Amino acid sequence: MTWIKSGGPAAGILCLVVRPEFRRLAWHVAFALLVGSVGCTIAPERGVCARDDECADGALCYTDGRCLPSDAARQLGAQVGLECGVRNGRQQGCRDTETCHSGFCDGPPLFDGVASVISDSASSLRVSWSAASDATPPEHIAYEVFVSQTQHAYDWKRPALKVVGKLSARVTGVPGPQRYWVVVRAVDQFGQNDGNTHSLAAVPGCVDYTTQVQATFNAACTSCHAGAAPPRGLVLGSYNTLATGSMLRQVIVPCRASDSLLYMKISQALPPIGARMPFGGPYLDAEQISWVQSWIDQGASPTCPNEPGLCDNRTAPTFDGLTRTRLIDPTHAELCWSAASDDATPAAELVYEVYEATKIGGEDFARLPRFTTEPGQTCAVLAGRVPDEFNCWVVRARDEAGNRDANVVEHCLKMPAASCIDYRSMVQPLFDERCVHCHGALRPFRDQSFESFAASTARGTAIITPCKPSTSLLYQKIALDPPPAGQRMPADGPPFLSPAQIQLIGQWIQEGARAQCSDPNPC
């Protein structure tokens, strides 16, 4: 649309050369303006704008993104405020952080900044945030993503990318293993950004423990695996407690997700021990499982970037195997060995896996070990031995990259028979290992606790009939498949209790289910 001022015989008349789509607007503006001069001249077209201060005095930035005199805008039905205006080319009436638009003071969006940055591939990051709050409709708010290898050093005029109306973006072309810092700013329809400098960092190609793995555990696992008596003694509230593992073994083998009990329990419908986790579902989604798998395969490091070359090591430790086995008492056996050596892992960081069998040569090295030591440990005491049971063991060394030696040095022991089953030294250790992770703590399953003799026998003949194991519900639940009521215990079996362990419970009940052997035998 072009304005043409006309003089002469037609003085005071405004001539218009108008494109069809601006015809209605032109007629309204014609009545709002006083014009007149000699001869016809051409005035500039309406300027492009984002804010009122980009227009001349007395004009504002109209909704079509072009300058228009405020009187004309009112006649067109626009809402024009009196909070602010432009005089001598300068904005007046608003704070420094606000912009005058249609006579109203408008501030930048309210925005919390970037919410998460995670590795998306070896050369990309996935960035996400929550929606900003502003007078600008959400679908019109733009988000600028700034990326830098140095925190607090960004070119605010050159975002890495810009998206409109979305709450996430994928930043590509950022190869690892270096760390990248990311800031996200919200921009309204007038070009105002919130100005936040909140940053988060990630390393492409590296799954971060805190933001991906621990966040997954917090959402799905720590409601059970926390506190003083978590299932299997496994606490998932921090990296250190996860690295400690459960009461019997480490649950992660760095660089080897396929060998890690943690990964098996969250990914397999029938894991080698117990049920799939989280118990009863809902299970982790494919992305969460992938995060845990990749994190373990990358070395299970507490921070990114990973230790270079850790998982490239394929040389197993040099280890002579088990050297000494002795019986401490009827329920405790001690295994000892000389320290192994390794080309990359210090001796103090090597762990040892104990494989157990009830017959000579019966160890299954394709399955999980019976017990895993702390790093550097060269002896292990195995509690909860069962009287009159025959046990064999093989011990293997494992380095920080998950490599194991392949020795088959085996030692065996026959546990002595017991003339009387003592609850404290024989039964309670078995309950501690296999039962109290569910039947204990503040809310024991089915209101039955096995944390102590008093708790185990509190319900009387409801579960234990002294002198009669075959009619005792406790014995039926551990020995029969299926039992007369409910399911076989432990609920997270198989494996269930061994024949010798079942015999131990049966003998204890047969002898009157006493607290100690010195008590009178009611049978």
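Residues take numbers from 1 onward in each chain, read along the sequence in its written order. Per-residue local features of the predicted model are confined to residues with pLDDT of at least 70, and side-chain atom pairs are confined, for both listing and counting, to 80 or more; whole-chain, interface and lining totals are unaffected and use all residues. Think of the side-chain values as coming from all heavy atoms in the structure, minus any hydrogens and water.

1. Concerning the overall build of the chain
Quick note on the threshold: Numbering of helices and strands runs from the N terminus, with a helix taken as a DSSP run of H or I at least four residues long and a strand as a DSSP run of E at least two residues long. Every radius of gyration here is taken over C-alpha atoms, with the globule rule written as 2.2 Å times N^0.38, N being the number of residues. Burial status follows relative accessibility: with a 1.4 Å probe on protein chains alone, a residue under 20% of its type maximum counts as buried, one over 50% as exposed, and anything between as partly exposed. Charge assignment in this entry is limited to Lys and Arg as positive and Asp and Glu as negative, and neither His nor the chain termini are counted. Note on charges: their place is set at NZ of Lys, CZ of Arg, CG of Asp or CD of Glu.
Counting its regular elements, the chain contains 10 helices and 23 strands. A compact globule built from 523 residues should have a C-alpha radius of gyration of about 24 Å, whereas the chain, at 37 Å, is more than 25% larger. Here the C-alpha coordinates of the chain stretch approximately 130 × 55 × 35 Å along the principal axes. Relative to its full complement of 523 residues, the chain shows a buried share of 46%. Measuring between centres, the 44 positive side-chain charges of the chain sit 5 Å from its 53 negative side-chain charges.

2. As for the packing of aromatic side chains
When we look at a pair of aromatic rings, we describe it by the centre distance and by the angle of the planes. Operational definition: Each Phe, Tyr or Trp ring (for Trp, its six-membered ring) is paired with any other whose centre lies within 6.5 Å, and the angle between the two planes then decides the class: stacked below 30 degrees, edge-to-face above 60, tilted in between.
With the rule as written, the count across this model stands at 14 aromatic pairs. Look at Tyr355 and Phe365: their rings are 5.0 Å apart centre to centre, the planes differ by 70°, and that puts the pair in the edge-to-face class. Linking Tyr355 in strand S19 (residues 351–357) with Phe365 in the loop between S19 and strand S20 (371–372), this pair joins segments that are 10 residues apart in sequence. With centroids separated by 5.3 Å and ring planes inclined at 80°, the aromatic side chains of Tyr423 and Phe453 adopt a geometry described as edge-to-face. Residue Tyr423 is found in helix H7 (residues 423–434), and its partner Phe453 is found in helix H8 (residues 453–456); the two are separated by 30 residues along the sequence. According to the relative accessible area criterion, Tyr423 is buried, its value standing at 3%.

3. Describing the confidence of the model for the chain
Keep this limit in mind: The predictor rates its confidence in each residue with pLDDT, a number between 0 and 100. The contact rule is simple, with two residues in contact once any of their heavy atoms fall within 4.5 Å.
Counting all residues, the mean pLDDT for the chain is 87, and 91% of those residues have values of 70 or more. Predicted confidence is poor over residues 1–44, with pLDDT under 50, and the contacts of this stretch with residues over four places away or in other chains come to 60 contacts.

4. Here we look at the sheet that holds strand S18 (residues 332–337)
Quick reminder of the rule: Whether two strands pair depends on DSSP finding at least two bridges between them. Every axis corresponds to a line fitted to the C-alpha atoms, with the helix fit spanning only the stretch in contact, and the corresponding angles, defined between N-to-C directions, vary from 0 to 180 degrees.
With antiparallel pairing, the 3 strands of this open sheet are ordered in space as S17-S18-S21. The open sheet has two free edges, formed respectively by strand S17 (322–329) and strand S21 (379–382), since each of these has just one partner strand. Going across the sheet, the axis of each strand differs from the next one's by a mean of 20°, ignoring polarity.

5. Some remarks on the side chain of Glu389
Defined as follows: Only one rule defines a salt bridge in this text: a Lys or Arg side-chain nitrogen within 4 Å of an Asp or Glu carboxyl oxygen.
Following the sequence through the fold, Glu389 ends up in the loop between S21 and strand S22 (390–398). In this structure Glu389 is buried but unpaired, with Arg385 as the nearest side chain of opposite charge at 5.1 Å. Setting aside residues no more than four positions away along its own chain, Glu389 makes contact with Thr358, Leu413, Lys414, Met415, Ser498 and Ala500.

6. Points about the packing of H7 against helix H10 (residues 499–510)
For clarity, the threshold we go by: Throughout, the term roughly parallel applies to angles under 35 degrees, roughly antiparallel to angles over 145, roughly perpendicular to angles from 65 to 115, and oblique to all others. Crossing handedness is defined as follows: a turn of the near helix away from the far one that is anticlockwise and smaller than a right angle gives a left-handed crossing, while the clockwise case is right-handed. Here the nonpolar group is Ala, Val, Leu, Ile, Met, Phe, Trp, Tyr, Cys and Pro; Asp, Glu, Lys and Arg are the charged ones; every other residue, Gly included, is treated as polar.
Relative orientation of the contacting elements H7 and H10 amounts to 130°, with a least axis distance of 11 Å. Considered as vectors, H7 and H10 are oriented oblique to each other. As for the relative orientation of H7 and H10, their crossing is left-handed in sense. For the pair H7 and H10, the contacting residues are Tyr423, Met426, Val427, Leu430 and Phe431 in the first and Gln501, Leu504, Ile505 and Trp508 in the second. Classifying every residue of the contact of H7 with H10 by side-chain character gives 8 nonpolar, 1 polar and no charged.

7. A short note on unusual backbone geometry
Residue Pro177 is bonded to the preceding Gly176 through a cis peptide linkage, with omega at 5°. Of note, Pro177 is situated in the loop between strand S14 (168–172) and strand S15 (180–187). The amide bond that connects Cys304 to the next residue, Pro305, takes the cis arrangement and shows omega of 0°. Structurally, the position occupied by Pro305 is in the loop between helix H6 (286–297) and S17. Positive phi, normally seen in glycine, also occurs at Asn88, with a value near 55°. Topologically, Asn88 is positioned in the loop between strand S6 (85–87) and strand S7 (90–92). Unusually for a residue other than glycine, Cys255 sits at a positive phi of about 75°.

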